[in-house]
Amino acid sequence: MGILNEMFGEGDSAAAAPAGEFLAEGDYESSREKMLSGYKEFRKIYTVKSLIGRLFVVLLATASAVFMIVTSSGDQREIPIFCLILCLFIGGWFIRQSVSNKKKYLQSVDALTGIPYHAEVFTDKIKITDMSPLPEPVEEESPENKGESADETGLSEKKEVPENENKNISGEAGLPGEISESPSTVIHLNEYIVDILDREDVYVLVVRKAYVFIIPKDAFSEDENKKIREKLSAIMGIRYKK
């Protein structure tokens, strides 16, 4: 969930995620059925249309190259033949890339199924938090537990720790005993790279027309879904696609 850190913020940083009007919050588990449903909507609007447009341009270039080959003779055919081969290569690469991206997503669905999340929706951002249990911290064995004396390890002298040197489990400076929260992704809705597809049973968050986040509507109440639709459609305009 943290792969888009530089694009639209990570964690609970107030600077990275300014407070907006609260709209809704809820818990849900990622569902294979709903992930596939949301991804199908994403592909239909973004991937397939884009692929058709690219292939149409390649088809025109291919037809032009074929025409030049037919109407040319001798050495004049070398460049059109090269253009034809290049067009076929580019067209094949576009198709292969689309199929490869779909396979990668389908392979990741099983690994993501069943993960618990908590979603919070504001007028300016959506925060998605992975609620999976955090791993237990591993404590290093002391010399006594290893059967070694303090003198043998050269640690007989007590080391003084400055009062202002506080550490948390994540290794960053902070309050004594502070524990890092679950990883979160904050998606800023005022960025024009962010779209929302409002479908019957899910919200599909699309970033840069490449990254997809799917939130089931049953994570929220009917009133909350109504408020999300009314507020975000007014704020985001055409980027909120019903």
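These notes cover the structure that comes with them. A quick note: this is a predicted structure, and the numbers were derived from the prediction, not measured.

Parameters and conventions
- Residues numbered from 1 in each chain as written.
- Predicted model: local features only at pLDDT ≥ 70, side-chain atom pairs only at ≥ 80, totals over all residues.
- Heavy atoms only, no water.
- Helix = DSSP H or I, 4+ residues; strand = E, 2+ residues; numbered from the N terminus.
- Buried < 20%, exposed > 50% of the residue type's maximum accessible area, 1.4 Å probe, protein only.
- Patch = residues over 30% accessible without salt bridge, like charges linked within 9 Å, V, L, I, M, F, W, Y side chains within 5 Å.
- Areas by Shrake-Rupley, 256 points an atom, 1.4 Å probe, with all protein chains shown as cover.
- Salt bridge = Lys/Arg side-chain N within 4 Å of Asp/Glu carboxyl O.
- Pairing = 2+ DSSP bridges.
- Axes fitted to C-alpha atoms, helices over the stretch in contact; angles between N-to-C directions.
- Contact = heavy atoms within 4.5 Å.
- Disulfide = S-S within 2.5 Å.

Looking at the environment of isoleucine 187
Inference 1: With respect to the helices and strands, the residue isoleucine 187 is situated in strand S4 (residues 184–188).
Inference 2: Overall, the relative accessible area of 0% leaves isoleucine 187 in the buried class.

A few points about a nonpolar patch on the surface
Inference 1: On the surface, Phe82, Leu86, Phe89, Ile90 and Trp93 cluster together to form a nonpolar patch covering roughly 510 Å² of accessible area.
Inference 2: Looking at where leucine 86 falls in the secondary structure, it is placed in helix H3 (residues 78–112).
Inference 3: You can call leucine 86 partly exposed: its relative accessible area is 40%.

Focus on the pattern of salt bridges
Once the charged atoms of two side chains with opposite charge are near each other, the side chains can pair.
Inference 1: Under the defined criterion, the tally for this structure stands at 7 salt bridges.
Inference 2: Note that aspartate 110 is salt-bridged to arginine 32, the shortest N-O span being 2.5 Å. Placement of the pair is aspartate 110 in helix H3 and arginine 32 in helix H2 (residues 32–71), with a sequence separation of 78 residues.
Inference 3: Given a relative accessible area of 53%, aspartate 110 falls into the exposed group.
Inference 4: By relative accessible area, arginine 32 is classed as partly exposed at 38%.
Inference 5: We note a salt bridge from lysine 217 to aspartate 198, for which the minimum N-O separation is 2.4 Å. With lysine 217 in the loop between strand S7 (211–216) and helix H5 (222–236) and aspartate 198 in strand S5 (residues 194–198), this residue pair connects regions lying 19 residues apart in the sequence.

So, the sheet that holds strand S2 (residues 116–122)
Backbone hydrogen bonds are what pair the strands of a sheet, in a parallel or an antiparallel way.
Inference 1: Sheet architecture is open: 4 strands sit in the order S1-S2-S3-S4, paired in antiparallel fashion. Every interior strand has two partners, whereas the edge strands, strand S1 (22–29) and S4, have only one. For this sheet, the mean angle separating the axes of adjacent strands, direction not counted, is 15°.
Inference 2: Contacts from H5 reach S1 and S2 within the one sheet, and its direction differs from that of S1 by about 125°.

Quick word on the pairing of strand S3 (residues 125–130)
Inference 1: S3 sits mainly inside the fold: 6 of its 6 residues count as buried.
Inference 2: Neither face of S3 is exposed, since Lys125, Lys127 and Thr129 on one face and Ile126, Ile128 and Asp130 on the opposite face are all buried.
Inference 3: With 5 bridges connecting them, S2 and S3 associate as antiparallel partners. Residue pairing across strands places valine 121 opposite isoleucine 126, the latter belonging to S3.
Inference 4: Counting the residues between successive antiparallel strands, the hairpin from S2 to S3 contains 2 residues.
Inference 5: Where S3 and S4 come together, 5 bridges link them in antiparallel fashion.

Overview of the state of the cysteines
Inference 1: Tallying each qualifying case throughout the model produces 0 disulfides.
Inference 2: With no disulfide of its own, cysteine 83 has cysteine 87 as its nearest cysteine by sulfur position, at a separation of 6.5 Å.

Quick word on the environment of isoleucine 79
Inference 1: Within the fold, isoleucine 79 resides in helix H3.
Inference 2: Remark: the alpha-carbon pair of isoleucine 79 and methionine 68, spanning 11 residues in sequence, is separated by 9.1 Å.

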